[in-house]
Amino acid sequence: MHTPTPGQPPGNLAPHIPADHWRRAQDTGAPIVIIVSTPDPGGLPWRRILIAVGVAGAAAMGGWGLVVALCALLDATAHAVTVIATAAGPIGVGGITLRARSK
């Protein structure tokens, strides 16, 4: 820590203290209180914004994943029904006959 020479203002450590107040405090032995205020951090809270965007993106990707999984299940079900209908032959109920045609 830097201590100023006696009788001299502290210089760059506390430029807000006038020299006459410094000398008077040195002569009388009164304590000097130096208050250093830090500026408030300005700007956007990027961390909070990025976390919100990440959560929203993950939810959107999860939603699309569910849609893709549902489409894959419906496609597999349609193929299975087609295979079963082809193997079983024509199905008739009350005079209406359904036949699966293979390509």
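Model, not experiment: these values are computed from the prediction. (Residues numbered from 1 in each chain as written. Predicted model: local features only at pLDDT ≥ 70, side-chain atom pairs only at ≥ 80, totals over all residues. Heavy atoms only, no water.)

Turning our attention to the overall build of the protein. The secondary structure content of the protein amounts to two helices and two strands. When the elements of the protein are put in sequence order from the N terminus, they spell out α-α-β-β. Residues classed as buried in the protein amount to 5% of the 103 residues present. (Helix = DSSP H or I, 4+ residues; strand = E, 2+ residues; numbered from the N terminus. Buried < 20%, exposed > 50% of the residue type's maximum accessible area, 1.4 Å probe, protein only.)

Among the structural elements, Ile-17 can be located in the segment before helix H1 (19-28). In the structure, Ile-17 is positioned 16 residues away from Val-33 in sequence and 9.8 Å away in space, judged by C-alpha atoms. The contact partners of Ile-17, leaving out residues within four places of it in the chain, are Trp-22, Ile-32 and Ile-34. (Contact = heavy atoms within 4.5 Å.)

What follows deals with helix H2 (residues 46-88). In this model H2 runs 62 Å from its N-terminal to its C-terminal C-alpha over 43 residues, within 8% of the 63 Å that 1.5 Å per residue would give. One or two steps after H2, the chain reaches Gly-89, where phi turns positive at roughly 90 degrees. (Expected span 1.5 Å × (residues − 1).)

With that settled, consider a nonpolar patch on the surface. A cluster of nonpolar residues, Leu-44, Trp-46, Ile-49, Leu-50 and Val-53, forms a patch on the protein surface that exposes about 530 Å² of accessible area. Its location among the elements puts Trp-46 in helix H2. Looking at Trp-46, the relative accessible area reads 53%, which means it is exposed. (Patch = residues over 30% accessible without salt bridge, like charges linked within 9 Å, V, L, I, M, F, W, Y side chains within 5 Å. Areas by Shrake-Rupley, 256 points an atom, 1.4 Å probe, with all protein chains shown as cover. Salt bridge = Lys/Arg side-chain N within 4 Å of Asp/Glu carboxyl O.)

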